[in-house]
Amino acid sequence: MKIETIAIQAGRNQDPATGAVMPPIHLSSTFIRGNDGDYVYSRIDNPTRHALEVTLAQLEGGAGAITFGSGMAAVAGVFQALSAGDHVILADDTYFGVRELVTKQLSRWGLEYTMVDMTDLPAVKAAIRPTTRLLWAETPSNPMLKITDIAAIADIAHESGARLGVDGTWATPLLQPALEYGADVVVHSTTKYLGGHSDLTGGVIVTNEQDSFFEEMRFNQGIGGGVPSGFDCWLLLRGIRTLPYRMRGHCANGMKLAQFLEDHPAIHTVHYPGLESHPGHDVAKKQMKDFGGMLSVQVNGGGEAADKVAGRTKIFARATSLGGVESLIEHRAPVEGDTTQTPIDLLRVSVGLEHIDDLIEDFAQALA
Ligand SMILES: *Cc1c(COP(=O)(O)O)cnc(C)c1O
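Residues numbered from 1 in each chain as written. Predicted model: local features only at pLDDT ≥ 70, side-chain atom pairs only at ≥ 80, totals over all residues. Heavy atoms only, no water.

1. Topic: the environment of G61
Here's step 1: By the secondary structure assignment, G61 is in the loop between α2 (47-60) and β1 (64-68).
Here's step 2: With 266 residues separating them in the primary sequence, G61 and S327 have C-alpha atoms 29 Å apart. (Helix = DSSP H or I, 4+ residues; strand = E, 2+ residues; numbered from the N terminus.)

Spelled out as structure tokens, the structure:
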């Protein structure tokens, strides 16, 4: 089946009792024992969550999916499947929350790490140790939109007996089937495009095999307990049904806004992988079906100028997060605090589904 069909058909035949065409929300925390033992307790499993996990696994073309109450909980679910003394290689521009998780918490528990530029393949190879268990790539990266060659990094990981995990949040399963290119584990913050309406937080791990590593992560879900509520699972399922059509709009608007901004005299750099000027354009063309709805721009005049632009937009709401139907803009570096590596003049833009003419006009007046 094609992905538009999967997005709508997957995980839906869940309620033989009522004949409901759409799966109901199961909010019960507990279930009668002896009912074939299907469900016991909602931290361990829940029918609405199950329908969501079936859907996400099919959407990603994976063997299984494990959902969490946020993208960060999903990332933690992967890293906590490793042990003290294991070594991981992270992109040097990994999402700052993941960097904080590894450097401030998991390093205290004995996890060893190296940060490298994942677009520099010899540097990735050189960072491999005998204890390397996981390479962690994020593509496109947040907020610099660096593009990592998933197939090439997968080869390096597998040659050394390590796994490759990919944070594909900015691409979605629709634009970038990372498991097909050799990733072993894919993570998404479902708070973003998969939910698509900025009304839930969630995360998911999808794997290409239900092996012992999968079982470790499944254990982390139930024991860590960072699980999504039945209501959030239902909202997320509702969002997923329209993902393919929403992504077409995000990509079309993203490209047009990027082209407009690239020619604007108040902006010195546009980071959007759909532009030929982007250093990752060729790799993006190879592994992405389209280029997404996220872009970052660096404005002339430094941090103050950037802050002013974010304060002047009327349609683009000044807020963090991304991937919803509504357009957002954020002056990123101050949000990330002291340890940020993000340029001070950078604005991160989540291009929504409003009409592109209105979005361009709004940016034009904010930059004027
Ligand atoms: C937002 C985001 C996360 C974290 O997800 P939450 O749902 O906010 O916990 C992780 N990775 C990327 C690339 C993100 O954009």
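2. As for the domain arrangement of the protein
Here's step 1: Segmentation of the protein into domains returns domain 1 (3-241) and domain 2 (244-367).
Here's step 2: Relative to domain 2, the C-alpha centre of domain 1 lies at a distance of 25 Å.
Here's step 3: At the interface, 37 residues of domain 1 touch 39 residues of domain 2.
Here's step 4: Carbon and sulfur atoms make up 59% of the area that domain 1 and domain 2 hide from each other, which totals about 3,100 Å².
Here's step 5: Between the two partners, domain 1 and domain 2, sit 2 salt bridges.
Here's step 6: K286 is paired through a salt bridge with D149; the nearest N and O atoms lie 2.8 Å apart.
Here's step 7: The interface formed by domain 1 and domain 2 includes 16 residue pairs in polar contact (both at pLDDT 80 or more).
Here's step 8: Counting residues per element, the ones that place at least two in the side of domain 1 that touches domain 2 are α1 (3-9), α4 (96-106), α7 (172-175) and α9 (230-240).
Here's step 9: Of the residues assigned to the side of domain 1 that touches domain 2, the class counts are 19 nonpolar, 11 polar and 7 charged. (Domains from an automatic or database assignment. Contact = heavy atoms within 4.5 Å. Buried area = accessible area lost by both parts, 1.4 Å probe. Salt bridge = Lys/Arg side-chain N within 4 Å of Asp/Glu carboxyl O. Polar contact = N/O pair within 3.5 Å; in protein donor to acceptor, adjacent residues only side chain to side chain. Nonpolar A, V, L, I, M, F, W, Y, C, P; charged D, E, K, R; others polar.)

3. Considering the sheet that holds strand β3 (residues 112-116)
Here's step 1: Reading across the sheet, the 7 strands line up as β1-β7-β6-β5-β4-β2-β3 and stay open at both edges, with mixed pairing between neighbours. The sheet is open, and its two borders are formed by β1 and β3, each paired with just one other strand. With strand direction ignored, the average angle separating the axes of adjacent strands in the sheet is 20°.
Here's step 2: As defined by bridge partners, strand β2 (residues 87-91) adjoins strand β4 (residues 132-138) across 4 bridges and the pair is classed as parallel. What sits directly across from V88, in β4, is L134. (Pairing = 2+ DSSP bridges. Axes fitted to C-alpha atoms, helices over the stretch in contact; angles between N-to-C directions.)

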